[in-house]
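Each chain is listed here by its residues.
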Amino acid sequence: MFKAPFLVANWKMNYGIKQAVQVTADIVVGLRGMRRKGQLVLCPSYPALLSVKQTIGDESISLGAQDLSGQDRGAFTGEVAPWMIKEAGAEYVIIGHSERKKYFSETNESINNKVKNALKEGLTPIICVGETFEERQENQKDHVVLRQVQNALDGVKVSPINPIIIAYEPVWVIGTGQAIEPSDAEYMHTLIRQVLIDLYPLVVVDHHTAILYGGSVDENNVDEFCDKEHIQGFLVGSASLHSQQFLKIIEKVCKESSAQS
Ligand code: PGA
């Protein structure tokens, strides 16, 4: 069963091995003595995966990759297979981030293929969905996001050994420092949950799926999102790069969740 809240740090292409290890070590120290709930996942670049895993040691922090190949093995120059990510110690993998759609031509089809490939290897996919500013302006956001979820999960069986995470990230607020209104995010999360309920039994949705919000989450705005019933965690980019800032977010998310339980 999933342990919400989830807090996922997406370090994108910002840190090599040395910096990723340093930030991880600072987070490990900062977490000592902190009473926290849920699941913390650090997603460094591929070359840093193993070193970050070693730095985490026995602490209850998980490792995730930022992408993976839709292939298994063989002549695919530059690709990284799910089993390689697993071998480095990762349990999670971000799939279909908007930057991969924008710069690397990811499609709904390739995302669906990657989701299946991740699950086959026992990696939990963190599937990114979200509308662009133009789609929102044209009143298409509900339709666009629902289709993205449906396409990503086409033919995907979710179960206790194959859980999935959806991250709702409105593309137009990523990296801007300006998150959307928490009530707006909650509305989208409720819609996404409904799609999941249409696809899977309620008990599966309740225990083996989670829906996160991402897009300019920081230590100043995270509390307002924590109040929302269907927001089960966060995918954090910029504000996860600095350990002290990220630790403040961890503290708030955990505190908020204990207060609710
Ligand atoms: P941000 O990035 O927190 O910097 O907006 C989030 C993401 O891209 O996943």
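The structure contained in this document is the topic of the report that follows. What you are looking at is a predicted structure, and each value in this text was computed from that prediction instead of being measured.

### Remarks on the packing of aromatic side chains
A full pass over the atoms with the stated rule returns seven aromatic pairs. Seen in terms of ring centroids, Phe6 and Tyr92 are 6.3 Å apart; in terms of plane orientation they differ by 70 degrees. Their pairing is edge-to-face. Taken as a pair, Phe6 in strand S1 (residues 6-10) and Tyr92 in strand S4 (residues 92-95) lie far apart in primary sequence, 86 residues in all. Grouping residues by exposure puts Phe6 and Tyr92 together as buried. When the centroid spacing of 6.4 Å and the interplanar angle of 50 degrees are considered together, the rings of Tyr168 and Tyr213 count as tilted. Placement of Tyr168 in strand S6 (residues 164-168) and of Tyr213 in strand S7 (residues 209-214) is noted, with a sequence separation of 45 residues between them. Among the aromatic residues, those joined into a cluster by ring pairs are Tyr168, Tyr213, Phe225 and Phe234. Directly above the aromatic system of Phe104 lies the positively charged group of Arg100, at a separation of 4.3 Å from the ring centroid.

### Some details on the pattern of salt bridges
Evaluation of the coordinates by the stated rule reveals 12 salt bridges. In this structure, Asp72 and Lys120 form a salt bridge, with 3.5 Å as the shortest nitrogen-oxygen distance. One end of the pair, Asp72, is in the loop between strand S3 (62-65) and helix H3 (82-87); the other, Lys120, is in helix H5 (residues 108-120), and 48 residues separate them in sequence. Because the salt bridges share partners, they merge into one network encompassing Asp67, Arg100, Glu106 and Lys114.

### Describing the pairing of strand S8 (residues 233-236)
Of the two faces of S8, the one carrying Gly233 and Leu235 and the one carrying Phe234 and Val236 are both buried. Examined bridge by bridge, S7 and S8 share two bridges and lie parallel to one another. Considered in S8, the bridge of Tyr213 is made with Phe234.

### Points about the site of the ligand
Close to the ligand lie Asn10, Lys12, His97, Glu169, Ile174, Gly175, Gly215, Ser216, Leu235, Val236, Gly237 and Ser238. One of the side-chain nitrogen or oxygen atoms of His97 is found 2.7 Å away from an oxygen atom of the ligand. Between the ligand and the protein, one listed contact pairs an oxygen atom with a backbone N or O atom of Gly237 at 2.8 Å. Contact with the protein chains removes 99% of the 280 Å² of surface that the ligand exposes when unbound. Residue classes in the shell around the ligand are distributed as three nonpolar, seven polar and two charged.

### Some thoughts on helix H7 (residues 141-152)
Within an α-helix, residues lying three or four positions from one another point in the same direction, as the helix has 3.6 residues per turn. The terminal C-alpha atoms of H7, which comprises 12 residues, lie 16 Å apart, in line with the 16 Å expected from a rise of 1.5 Å per residue. Three or more residues of H7 are buried, namely Lys141, Val144, Val145, Gln148, Val149 and Ala152. Down the axis of H7, the sector holding all buried residues measures 130 degrees, keeping them to one side. Looking at the buried side of H7, the elements it contacts are helix H4 (98-104), H5, strand S5 (124-129), helix H6 (133-137), S6 and helix H8 (182-199).

### A short note on the nonpolar core
Membership of the largest hydrophobic core comes to 70 residues, with the highest contact counts inside it found for Trp11, Ile27, Tyr213, Phe234, Phe246 and Ile250. Among the elements that make up this core, the one with the highest residue count is helix H11 (residues 243-260) (six residues). Apart from the residues within four sequence positions on either side, Phe234 is in contact with Phe6, Leu7, Val8, Leu212, Tyr213, Val217, Val222, Phe225, Cys226 and Val253. Val8, Ile94, Ile165 and Leu212 belong to the second-largest nonpolar core, a separate cluster that totals 13 residues.

Rules behind the numbers
Residues numbered from 1 in each chain as written. Predicted model: local features only at pLDDT ≥ 70, side-chain atom pairs only at ≥ 80, totals over all residues. Heavy atoms only, no water. Phe/Tyr/Trp six-rings, centres within 6.5 Å; stacked < 30°, edge-to-face > 60°. Helix = DSSP H or I, 4+ residues; strand = E, 2+ residues; numbered from the N terminus. Buried < 20%, exposed > 50% of the residue type's maximum accessible area, 1.4 Å probe, protein only. Lys NZ or Arg CZ within 6 Å of the ring centre and 35° of its normal. Salt bridge = Lys/Arg side-chain N within 4 Å of Asp/Glu carboxyl O. Pairing = 2+ DSSP bridges. Near = heavy atom within 4 Å. Polar contact = N/O pair within 3.5 Å; in protein donor to acceptor, adjacent residues only side chain to side chain. Areas by Shrake-Rupley, 256 points an atom, 1.4 Å probe, with all protein chains shown as cover. Nonpolar A, V, L, I, M, F, W, Y, C, P; charged D, E, K, R; others polar. Expected span 1.5 Å × (residues − 1). Arc of directions from axis to C-beta. Contact = heavy atoms within 4.5 Å. Core = buried A, V, L, I, M, F, W, Y, C linked by side-chain atoms within 4.5 Å.

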